[in-house]
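# Structural characterization, general
What follows is the residue order along each chain.
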Amino acid sequence: MERKYERIGKFLSACDEMIGGKFAYAEIRASEILKTIAASEDLTALFSAVTDQFDYISAKREFLRFPAEPGASHGAVFLPSDRGAMLAFVFCLLVEIDGGALRLNDFLLRYFYEDGSYTASYSLFVERLIRPFRDIVRDCFPDVDRKALRLGREEQAELDAIAVKIQDERQRLASLSVGEAEKHAGDLMLSEAYAAAGRGDSSAIAALMCGYGYFLRAIGGESAESEALFDLIAE
């Protein structure tokens, strides 16, 4: 039972990361949500039930509407009133985003246009689709106490400390005299490690930071601060 709740908790955390995250990492976050669904028998059963006989093609025509006027460049999203249809619709959208069939940047500016900004449009997207998607699933499992899913106070304090150090390391990396490509590669590893700390995935943290250690040595970017981070993770 505890394992069941832990897996549902990871799904909720993955949704939280997508809601609170940046547009640049949206596709990664969508993939993480789908992975947590696949890892949970209960969630797999839920989404199998709501997508059974769900006509996604017809749903897109119904819920994604575009003005008929010539020259119109922005449409609108009309969300399903049925909670099951809402889950199925958003799930299918995430599958399309993850598979590359739906270009998120085009989709945002087409249906969630907000001042021409990807950041603002993404914020509107997650608030209108991902947040209610998460909340409906949480309501389906009222016995899940997210506090009970955490690793324990001592372990959680360690994860919180690691998360803070990772954010500090991201700032340090941004100030190094290396190319933008190198900074982007390093920040991607750190961002994923930060997300792993948020969901309590210590194995992912260790793997990502192992790779980051090799990355730092390759660019000559090691420091006392980075060594302190690695020491904290090793503990």
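Scroll up for the structure.
Since the model is a prediction, treat every value here as computed from it, not as a measurement. In this convention, every chain numbers its residues from 1, walking through the sequence in written order. Only residues with pLDDT of at least 70 get local features here, since the model is predicted, and only at 80 or more are side-chain atom pairs given and counted; chain-wide, interface and lining totals rely on the full set of residues. In computing side-chain properties, one takes all heavy atoms of the structure into account and sets aside hydrogens as well as water.

What follows covers the overall build of the chain. Looking only at helices and strands, one finds twelve helices and two strands in the chain. Secondary structure elements are taken from DSSP: a helix is a run of H or I of four residues or more, a strand is a run of E of two residues or more, and numbering for both begins at the N terminus. Reading the helices (α) and strands (β) of the chain from amino to carboxyl end gives α-α-α-α-β-β-α-α-α-α-α-α-α-α. With the C-alpha coordinates aligned to their principal axes, the bounding extent of the chain is approximately 60 × 50 × 25 Å. For every residue, the accessible area (1.4 Å probe, protein chains only) is compared with the maximum for its type, and the residue is labelled buried under 20%, exposed over 50%, or partly exposed between those bounds. Taking all 235 residues of the chain together, 41% fall into the buried category. Residue contacts follow a heavy-atom distance rule, with two residues in contact if any of their heavy atoms lie within 4.5 Å. A fraction of 67% describes how many contacts in the chain between residues 6 or more apart in sequence connect residues 24 or more apart. Within the structure as shown, the chain displays about 12600 Å² of accessible surface, and the carbon and sulfur contribution to it stands at 51%. Side chains of the chain carry 27 positive and 39 negative charges; the gap between the two charge centres is 3 Å. In short, Shrake-Rupley with a 1.4 Å probe defines the accessible areas, and a residue's cover is counted only from the protein chains shown. When charges are counted, Lys and Arg are positive and Asp and Glu negative, with His and the chain ends excluded. Here the site of a charge means atom NZ of a Lys, CZ of an Arg, CG of an Asp or CD of a Glu.

For the rest of this paragraph, the subject is a negative patch on the surface. Patch criteria: residues need more than 30% relative accessible area and no salt bridge. Like-charged residues are merged within 9 Å; nonpolar side chains of Val, Leu, Ile, Met, Phe, Trp and Tyr are merged within 5 Å. The rule for a salt bridge is simple: a side-chain nitrogen of Lys or Arg has to be within 4 Å of a carboxyl oxygen of Asp or Glu. On the surface, Glu155, Glu158, Glu222, Glu227, Asp231 and Glu235 cluster together into a negatively charged patch. Tracing the backbone shows Glu235 in the segment after α12 (224–234). Exposure remark for Glu235: the relative accessible area of 75% places this residue in the exposed category.

Here Tyr25 is to be found in the loop between α1 (2–20) and α2 (26–38). Residues Tyr25 and Leu188 lie 163 residues apart in sequence; the distance between their C-alpha atoms is 8.8 Å. Those residues within four positions of Tyr25 in sequence are excluded, and the remaining contacts are Arg170, Asp187, Leu188 and Ser191.

With that settled, the discussion passes to the nonpolar core. Within this scheme, the nonpolar core is defined by two criteria: the residues are buried Ala, Val, Leu, Ile, Met, Phe, Trp, Tyr or Cys, and they are joined through side-chain atoms within 4.5 Å. Core analysis: the biggest nonpolar cluster contains 46 residues, and Phe125 and Phe133 have the highest contact counts within it. Listed by contribution, the elements that provide at least two residues to this core are α1, α2, α3 (41–51), α4 (56–63), α5 (83–99), α6 (104–111) and α7 (118–140). Examining the composition of this core, we find that ten residues originate from one element, α5, more than from any other.

Further remarks concern the pattern of salt bridges. Taken as a whole, this structure holds 13 salt bridges when the rule is applied. In this structure, Arg134 and Asp135 form a salt bridge, with 2.8 Å as the shortest nitrogen-oxygen distance. Under the relative-accessibility criterion, Asp135 is labelled partly exposed at 25%. Ionic pairing is found between Asp187 and Arg170, a salt bridge with its closest N-O pair at 2.8 Å. Placement of the pair is Asp187 in helix α10 (residues 180–199) and Arg170 in helix α9 (residues 153–175), with a sequence separation of 17 residues. Accessibility expressed as a relative area gives 17% for Asp187, which makes it buried. Because the salt bridges share partners, they merge into one network encompassing Asp16, Arg134, Asp135 and Arg138.

Here we take up α2. Helix length check: α2 (13 residues) gives 19 Å between terminal C-alpha atoms against 18 Å at 1.5 Å per residue, within 8%. Of the positions making up α2, those classed as buried are Ala26, Arg29, Ala30, Ser31, Glu32, Ile33, Leu34, Thr36 and Ile37. Residue count minus one, scaled by 1.5 Å, sets the expected span of a helix.

Let us now look at the packing of aromatic side chains. Pairing of aromatic rings covers Phe, Tyr and Trp, the last counted by its six-membered ring, and requires centre-to-centre distances within 6.5 Å; plane angles under 30 degrees mean stacked, over 60 mean edge-to-face, and any other angle means tilted. The tally for this structure, following the rule as stated, stands at 15 aromatic pairs. One aromatic cluster is present, formed by Phe23, Phe107, Tyr111, Phe112, Tyr118, Tyr122 and Phe125 through successive ring pairs. A cation sits over an aromatic face here: Arg65 above Phe78, 4.4 Å from the ring centre. In our convention, an over-ring charge means Lys NZ or Arg CZ found within 6 Å of a ring centre and within 35 degrees of that ring's normal. We note Arg217 situated over the ring of Tyr214; from NZ or CZ to the ring centre the distance is 4.7 Å.

So, about unusual backbone geometry. With glycine set apart, most residues show a phi of negative sign, and most peptide bonds adopt trans. In this structure, Gln53 is a non-glycine residue whose phi angle is positive, near 65°. With respect to the secondary-structure elements, Gln53 resides in the loop between α3 and α4.

This part takes up the state of the cysteines. Any covalent bond linking the sulfur atoms of two cysteines counts as a disulfide. Disulfide: a pair of cysteine sulfur atoms within 2.5 Å of each other. Scanning the entire structure with this criterion turns up zero disulfides. Free of any disulfide, Cys140 has its nearest cysteine sulfur in Cys15, 12 Å distant.

So, on to the side chain of Lys183. Inspection of the secondary structure puts Lys183 in helix α10. Classification of Lys183 as buried rests on a relative accessible area of 16%. With residues near it in sequence (within four places) discarded, Lys183 still touches Leu173, Ala174, Leu176 and Val178.

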